[in-house]
Amino acid sequence: MKRFVAFSARLMRSSAVTTPFRHRSSRLAAALLLCLAGAGTLAAPEDDKAARFYEDALVRYEAHDLPGAIIQLKNALQVKKNLLPVHVLLGKALLENSEVGAAEVAFAEALRLGVSRAEVVVPLAQSYVGQGKQKLLLEEAQFNPAGLPEGVRFDLLLLRAAASADLGNTAAALRTIGEARAIDTASSRSWLAEVPIRIRAGQFDQADVAAGKALALAPESADAWYQQGSVAHVQGNLESALAAYDKALGFDADHVEARVTRAGLLLDMGRADAAAKDVAELRRVSPKEPRGAYLNALLAERRGDAEAAAHSLREVTALLDPVPIDFIRYRSQLLMLNGLAHFGLNQREKAKAYLETFQRVQGHSAASKILARLYMADRNVHEAITVLEGYLRRQPGDPQALTLLASAHMSRGDHAKATQLMQQALRSSDAPQLRTALGLTLLGGGHLADATTELAAAYKRDPRQTQAGSALVGLYLRSGQTKQALAIAQALTTREPENASFHNLLGLARARGGDTPGAKLAFEKALSLAPGQTAPQFNLARLDMAAKAYPAAEARLAAVLKANERDIDALLEMAALFKLRGQPAQVQHWLQKANDFAPADELRPGFGLIELHLRENRPAKALEASKQLLTKGREQVPVLLAHSRVLMANGDIPGARTTLGNATRLAAFEAPAQVDIAALQLRIDNLPGAAYSLEKALSSQPDHLPALAMMTEVETRQGEFEKAEQRARNIIKREPKRAVGHTLLGSVALARKQTAAAVTAYREAHKAEPSTDTLLRLYRASFTPNEGKAAIALADQWLAKHPRDVRVHKAIADGHAAMGNFAAARTAYEGALKLAPDDTETLNNLANALLRLKDPAALGIAEQALAKDPDNPLVIDTVGWISFHNGQTDRALQLLRGARLRAPGNAEIRYHLATVLAKTGRRGEAKTEVAAALETGRSFEWTAEAKALLAALK
């Protein structure tokens, strides 16, 4: 329901833009009725019954019982159709009852029956205005002011002035008011009529003068005080406006416009109790006033009573929906009001129709922001941007509009433009909520460090910025700053203990910190506060998965799917569960089901299917899934990146290049996206393509560190070592406490075969940022099979402080194996497996070490690896090679042929296959395979043996 609060009550100021929709009878009209009533026209005996109906109707009309009066007048016409006084009074009653179309018919019939034009021209003109017939009011001869009595002409001229203003002709409107003022210089009404016209034109100084003139002429006029308040209101002088509205209501407690605007103003000022009293009085005086119902909805929303708010909004739409759009085309406030009510009820299409009409009539106003949100919900980002840019030309510093425009550009992937707009909004108003929005914009653009800085500043300045706090928790968790994430999550739950989302965040922070019981309690608390919320259920399921309580996790997810079988998140979690269970067929089943149910804008199942098929080495299936995903997001960069990876897997390098070229065009100058594209260009050795993407990234963000780092890599691979070295040194100068520059300098040195310089650079990197990555770079640069002990000792020192670092355990094991110390390698691999029992690579390498040790357990370990990754050519090769050494030649040949077909470029696999082929007497085939192995030009462990085999086969 909060969708309609942003514009709340300040849009209640009707007279700032238009005249009221209801109509009051003039003294002239009342005199007409009395004259007609006493004229004897109903006095004939045969008309006694009609006369009684008429007299009763007149009494009811004067008592403001309009429905009763209308019924009795219609009864009179049932008796006799051509009663002139009845048609005139019926027209008046219908007009005041807002039945403007029927009123026009009654007045037209009165004219046909011979009533003087002067007697009905003003109420007839009012009926035209009520139907949106302003243009006809100015064009039809019956509304020509010439020849009318001065008082009637005065009233008609004011109506024609308002009609001109409605049609956007301010100059004509003011000229017509001048004509009226010349008739009666002592009347305040011409000045009152001028005020809303000046306000609509943005001429606030002139509006203030006109309101002052009206007040000077009629100091006890409620209308004059109301207009005085309107001028102050639109200029932001709220206390002055409130005082003027108080004065208006002091002179006329039933003044609807003053009551409406004062209630709205009190709401804007946070005085909900006082506003509620005004709304209650308004609904007593005018129970069918739609603005009263809307204000009631705002009050209900402030109380947190969503049901009552929705009820009041439905009341608004029930009052206004039956009114033909032409009738309120120039009653801009009613158009806007019904649009906002439908928006609050999430009836987007109806809301859009009313707000678009309002926009055409009123021009760019605050409602433009709501209309832009509707366009964005329809993915019509172009229209949203057009509307917001038009509005910002009139209100260039509106922070809310700038924020919305930034969101629109973000949705198009133009994060640089979005960031620029948010920075502009901050210059207009350095408010914590805007800093929060800037932080979220930066986060969307992948600028995590800058996003963290802005969000932390917003949250520190105002802890009520809970959206900033929530985002910070996620950022801190992502960067490994668990303590900071936990502190904010705890603060959020303390501030809003009944907020289920915050307890869910607390659970995530506790889980990351290793407090599984505490995490479970937080998730369960979130679930108790919001039983229908699925996020805590998913997180509890993930805890079950981490504990390998797979049946419990499946039961939780099944419960979610029982409530909603189309819950995409639950279907994706099921796929993740079966991935952990090592059941790829089930993973595919759940991903496919999610993809079948996914709406057009939901891409995650498609990405999941692509990843699954690539992981399972099914490139053709991945291509099918990728083509389907393209139908949903052909113009989205992430989709094109995924498709390019699939094309690479299918060997279609030209197609991948073309796709990445399209992605580069779509990503424009968005640095993070261009870096992702460049990374894939490097995978296919398209160095010029990678350089072009990085140049685009750096042209918009010259200091974008990932782009600078990758450009250094490109230059290194292109052999431009001096440029690469200089760029790396510039990064070190800019970021002396970061590892990245030293790492790049080390890579350049390695490319130049300057091992000592590389080791020095990597040591500096590790010193700057001690991490697994920096350690392993230093370790690998330092390690040689002949002099590996010092490198292994360095890695052992790291493990002493980080005993659960699986990657370092594996690197040490690989080092022992490379040095021929297979017993030590075995111990290290087994240590790694204790930490990661399902690691296929470790199982595979342990099996190879056991083979060298002639340990009969080698084949069983290799079979375990194969069961976990049955399509991995390296694992298949290991099982085949061990099978060969165990005397299982036929099985070895079958497995090695399969491995060779999966990885024809792997020299070691082809050598293993050649060895078995030679053993079985297939010398020609063996010779082909071993020759192919040696032709790769790459040295491998068995190079010497391969050369000997080839010589023996010649």
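Conventions we followed
Residue positions are counted from 1 within each chain, in the order its sequence is given. For this predicted model, a pLDDT threshold of at least 70 governs which residues receive local features, and a threshold of 80 or more governs which side-chain atom pairs are given and counted, while totals over whole chains, interfaces and linings are taken from all residues. In computing side-chain values, all of the structure's heavy atoms are included and hydrogens and water are not. Numbered from the N terminus, helices here are DSSP runs of H or I no shorter than four residues, and strands are runs of E no shorter than two. To get the radius of gyration, use the C-alpha atoms; to get the globule rule, take the number of residues to the power 0.38 and multiply by 2.2 Å. Contacts between residues were defined by any pair of non-hydrogen atoms, one from each residue, lying within 4.5 Å. The charge count includes Lys and Arg as positive and Asp and Glu as negative, but it does not include His or the ends of the chains. In plain terms, the charge of a residue is placed at NZ if it is Lys, CZ if Arg, CG if Asp and CD if Glu. Throughout this description, buried means an accessible area under 20% of the type-specific maximum (1.4 Å probe, protein chains only), exposed means over 50%, and partly exposed covers the range between. Simply put, an axis is a line fit to the C-alpha atoms, just over the touching stretch for a helix, and the angle between two N-to-C directions goes from 0 to 180 degrees. For classification, angles of less than 35 degrees are called roughly parallel, those exceeding 145 degrees roughly antiparallel, those between 65 and 115 degrees roughly perpendicular, and all remaining angles oblique. By definition, turning the near helix anticlockwise from the far helix through less than a right angle yields a left-handed crossing, and turning it clockwise yields a right-handed one. Residue polarity follows a fixed list, in which Ala, Val, Leu, Ile, Met, Phe, Trp, Tyr, Cys and Pro are nonpolar, Asp, Glu, Lys and Arg are charged, and the others, Gly among them, are polar. Pairing of aromatic rings covers Phe, Tyr and Trp, the last through its six-membered ring, and needs centres within 6.5 Å; plane angles under 30 degrees mean stacked, over 60 mean edge-to-face, and all others mean tilted. The criterion is simple. A nonpolar core is a set of buried Ala, Val, Leu, Ile, Met, Phe, Trp, Tyr and Cys residues joined through side-chain atoms within 4.5 Å. A score from 0 to 100, pLDDT tells how confident the predictor is in each residue. By salt bridge we mean one thing: a side-chain nitrogen of Lys or Arg within 4 Å of a carboxyl oxygen of Asp or Glu. One fewer than the residue count of a helix, multiplied by 1.5 Å, yields its expected span. It is the directions from the helix axis to the C-beta atoms that the arc portrays.

A. Quick peek at the overall build of the protein chain. Broken down by element type, the protein chain carries 54 helices and 0 strands. The C-alpha atoms of the protein chain give 40 Å as radius of gyration, which overshoots the globular expectation for 954 residues (30 Å, by more than 25%). Counting only C-alpha atoms, the protein chain reaches 135 × 55 × 50 Å along its principal axes. The contacts of the protein chain with a sequence gap of at least 6 include a subset with a gap of at least 24, amounting to 51%. Taken together, the 119 basic and 103 acidic charged side chains of the protein chain have centroids lying 4 Å from each other.

B. Quick peek at the environment of Ser-693. Looking at the secondary structure, you find Ser-693 in helix H39 (residues 687-700). Accessibility expressed as a relative area gives 0% for Ser-693, which makes it buried.

C. Structural detail: the packing of helix H40 (residues 705-717) against helix H41 (residues 721-734). At their nearest, the axes of H40 and H41 sit 8 Å apart, and the two run at 155° to each other. It follows from the interaxial angle that H40 and H41 lie roughly antiparallel. The two elements H40 and H41 cross, and the hand of that crossing is left-handed. The segment H40 lies against H41, with Leu-705, Leu-708, Ala-709, Met-711, Thr-712, Glu-715 and Thr-716 engaging Phe-721, Lys-723, Ala-724, Arg-727, Ala-728, Ile-731 and Arg-734. Classifying every residue of the contact of H40 with H41 gives 8 nonpolar, 2 polar and 4 charged.

D. Geometry of the packing of aromatic side chains. A complete count under the given rule lists 7 aromatic pairs for this structure. Arranged with centres 5.6 Å apart and planes meeting at 25°, the rings of Trp-881 and Phe-884 form a pair that is stacked. Placement of both Trp-881 and Phe-884 in helix H50 (residues 873-885) is noted, with a separation of 3 residues, approximately one turn of the helix. Looking at Trp-881, the relative accessible area reads 6%, which means it is buried. Measuring from centroid to centroid gives 6.2 Å for Trp-881 and Tyr-911, while their planes differ by 55°, and the two rings are tilted.

E. Layout of unusual backbone geometry. Its identity is not glycine, yet Asn-346 carries a phi of approximately 65°, on the positive side. By the element assignment, Asn-346 lies in the loop between helix H18 (332-344) and helix H19 (348-362).

F. Spatial organisation of the nonpolar core. Counting residues in hydrophobic clusters, the biggest one holds 75 residues, and the most contacted among them are Val-195, Tyr-294, Leu-295, Val-316, Leu-355 and Leu-374. Beyond its immediate chain neighbours, meaning those up to four positions away, Leu-355 contacts Met-336, Gly-339, Leu-340, Ala-367, Ile-370, Leu-371 and Leu-374. One finds Leu-775, Val-808, Ile-861 and Leu-949 within the second-largest nonpolar core, a separate group that totals 59 residues.

G. Structural view of the confidence of the model for the protein chain. Averaged over every residue, the pLDDT of the protein chain is 86; residues scoring 70 or more account for 94%. When mean pLDDT is compared element by element in the protein chain, helix H48 (residues 840-852) scores highest at 95, while helix H1 (residues 27-37) scores lowest at 34. Taken as a whole, residues 1-46 scores under 50 in pLDDT and shows 120 contacts with residues more than four places along the chain or in a different chain.

H. Layout of the pattern of salt bridges. The final tally for this structure, using the stated rule, is 44 salt bridges. Arg-283 is paired through a salt bridge with Glu-315; the nearest N and O atoms lie 3.0 Å apart. Placement of the pair is Arg-283 in helix H15 (residues 272-285) and Glu-315 in helix H17 (residues 306-320), with a sequence separation of 32 residues. By relative accessible area, Glu-315 is classed as partly exposed at 21%.

I. Fine view of the environment of Lys-74. Here Lys-74 shows up in helix H3 (residues 66-79). Remark: the alpha-carbon pair of Lys-74 and His-87, spanning 13 residues in sequence, is separated by 9.1 Å.

J. Up close: the packing of helix H44 (residues 772-782) against helix H45 (residues 789-801). At a closest axis distance of 9 Å, the pairing of H44 and H45 adopts a crossing angle of 165°. When the axes of H44 and H45 are compared, the pair comes out roughly antiparallel. Where H44 crosses over H45, the handedness of that crossing is left-handed. Contacts between H44 and H45 pair Thr-772, Leu-775, Leu-778, Tyr-779 and Ser-782 from the former with Ala-791, Ile-792, Leu-794, Ala-795 and Trp-798 from the latter.

K. Structural detail: the side chain of Gln-72. Following the sequence through the fold, Gln-72 ends up in helix H3. Of the residues examined, Gln-72 reaches a relative accessible area of 14% and is grouped as buried. The contact partners of Gln-72, leaving out residues within four places of it in the chain, are Phe-53, Asp-56, Ala-57 and Arg-60.

L. Examining helix H35 (residues 619-633) more closely. With 15 residues, H35 extends 20 Å from end C-alpha to end C-alpha; this agrees with the ideal 21 Å at 1.5 Å per step. Ala-622, Leu-623, Ala-625, Ser-626, Leu-629, Leu-630 and Gly-633 are the residues of H35 that are buried. Considered in projection along H35, the buried side chains sweep an arc of 165° and stay on one side of the axis. Within H35, the exposed residues directed more than 90 degrees away from the buried face are Ala-620, Glu-624 and Thr-631. Taken together, the buried residues of H35 touch helix H34 (604-615) and helix H36 (637-649).

M. Helix H8 (residues 150-166), seen in detail. Its 17 residues give H8 an end-to-end C-alpha distance of 24 Å, which sits within 8% of 24 Å, the value for a rise of 1.5 Å per residue. Within H8, 13 of the 17 residues are buried, which leaves it mostly tucked inside the rest of the structure. Of the residues trailing H8, Gly-168 is marked for its positive phi of about 90°.

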